[in-house]
Amino acid sequence: MTHPAHDHGAHHHAGPHHEGHRHAPAGASWRTAAQATLHCLTGCAIGEVLGMVVGTAAGLHNAATVVVSIALAFVFGYALTMRGVLRAGVPLRQALKVALAADTVSIAVMELIDNTVMVGVPGAMDAGLADALFWVSLVLSLALAFVLTTPVNRWMIGRGKGHAVVHAYH
């Protein structure tokens, strides 16, 4: 005997493309979420490292360095998403809207975690670029950000939000 819940799930599979993602096996959706998070992390890491390097090299105050890092993380995070969407032939304004929809929450969560770790590790923000403490703290903060942001992305993709909006253009 089939369960009513199973019949209900089968009914949804016949729906549009996005419905299929919602009921994908757990492994597939975790993989999709991890790929979306890794994509976001790449942009964040480029901006974060560049911001920390620029801020540290310029002798900026820690708060100013964090602001520069966050700003650059958003710029590079959005830029990487827009690059793929623009390649699909989407006009610039639409590509920007897709990037904002796809990455804003993901980048914000990632930067919150990343910068909290960098500020929280004693001496990490004051360490020079030649200092291992700076780089170890940065790598650990990005790794932690990846681990904690992946479930957020999985939840958003499962609801047709976040990186789910990008998949329409691939």
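Brief notes about the packing of helix α5 (residues 92-120) against helix α6 (residues 132-158)
Look at α5 against α6: their axes get within 8 Å of each other, and the N-to-C directions meet at 150 degrees. Taken together, α5 and α6 sit at an angle that is classed as roughly antiparallel. Note on packing geometry: the crossing formed by α5 with α6 is right-handed. Contacts between α5 and α6 involve Val105, Ser106, Val109, Met110, Ile113, Asp114, Val117 and Met118 from the first element and Phe134, Ser137, Leu138, Ser141, Leu142, Leu144, Ala145, Leu148, Thr149, Val152, Asn153 and Met156 from the second. Per-class residue counts for the contact of α5 with α6 are 14 nonpolar, 5 polar and 1 charged.

A word on the nonpolar core
If you look at the biggest cluster of nonpolar residues, it comprises 27 residues, and the most contacted ones within it are Cys44, Met52, Val85, Met110, Met118, Phe134 and Leu138. Residue assignment for this core shows that the elements contributing at least two residues are α3 (26-57), α4 (62-87), α5 and α6. No other element matches α5, which puts 8 residues into this core. Every residue in contact with Phe134, bar those within four places of it in the chain, is listed here: Met52, Thr56, Met118, Ala124, Ala127, Gly128 and Leu129.

A short note on the packing of aromatic side chains
Tallying each qualifying case throughout the model produces 2 aromatic pairs. Where Phe74 meets Tyr78, the ring centres are 5.8 Å apart and the plane angle is 50 degrees; that geometry is what we call tilted. Pair noted here: Phe74 and Tyr78 are both in helix α4, with a separation of 4 residues, about one helical turn. With relative accessibility at 13%, the residue Tyr78 sits in the buried group. Taken together, a centroid distance of 4.9 Å and an interplanar angle of 85 degrees make the contact between Phe134 and Trp135 edge-to-face. Note on Phe134: relative accessible area 0%, which makes it buried. Residue Trp135 is classed as partly exposed on the basis of its relative accessible area, which comes to 33%.

Details of the side chain of Thr32
Along the chain, the position of Thr32 falls in helix α3. When sequence neighbours within four positions are dropped, the list of residues in contact with Thr32 reads Ile157 and His167.

With respect to a nonpolar patch on the surface
Taken together, Leu144, Val147 and Leu148 make up a surface patch of nonpolar side chains, about 250 Å² in accessible area. Along the polypeptide, Leu144 turns up in helix α6. Relative accessible area serves as the criterion here: at 38%, Leu144 is assigned to the partly exposed category.

Observations concerning α6
For α6, spanning 27 residues, the distance from its first C-alpha to its last is 39 Å, which sits close to the expected 39 Å at 1.5 Å a residue. Maximal helix bending in α6 amounts to about 30 degrees, located at Thr149; proline Pro151 follows within four positions. Along α6, the positions that sit buried rather than exposed are Phe134, Ser137, Leu138, Ser141, Leu142, Ala145, Thr149, Thr150, Asn153, Met156, Ile157 and Gly158. If you check the start of α6, you find a side-chain oxygen 3.1 Å away from the backbone N of Leu133, and it comes from Asp131. At the exit of α6 stands Gly160, carrying a positive phi of roughly 75 degrees.

Calculation criteria
- Residues numbered from 1 in each chain as written.
- Predicted model: local features only at pLDDT ≥ 70, side-chain atom pairs only at ≥ 80, totals over all residues.
- Heavy atoms only, no water.
- Axes fitted to C-alpha atoms, helices over the stretch in contact; angles between N-to-C directions.
- Helix = DSSP H or I, 4+ residues; strand = E, 2+ residues; numbered from the N terminus.
- Parallel < 35°, antiparallel > 145°, perpendicular 65-115°, else oblique.
- Left-handed = near helix turned anticlockwise from the far one by under 90°.
- Contact = heavy atoms within 4.5 Å.
- Nonpolar A, V, L, I, M, F, W, Y, C, P; charged D, E, K, R; others polar.
- Core = buried A, V, L, I, M, F, W, Y, C linked by side-chain atoms within 4.5 Å.
- Buried < 20%, exposed > 50% of the residue type's maximum accessible area, 1.4 Å probe, protein only.
- Phe/Tyr/Trp six-rings, centres within 6.5 Å; stacked < 30°, edge-to-face > 60°.
- Patch = residues over 30% accessible without salt bridge, like charges linked within 9 Å, V, L, I, M, F, W, Y side chains within 5 Å.
- Areas by Shrake-Rupley, 256 points an atom, 1.4 Å probe, with all protein chains shown as cover.
- Salt bridge = Lys/Arg side-chain N within 4 Å of Asp/Glu carboxyl O.
- Expected span 1.5 Å × (residues − 1).
- Bend = angle between axes of the 7 residues up to and from the residue.
- Polar contact = N/O pair within 3.5 Å; in protein donor to acceptor, adjacent residues only side chain to side chain.

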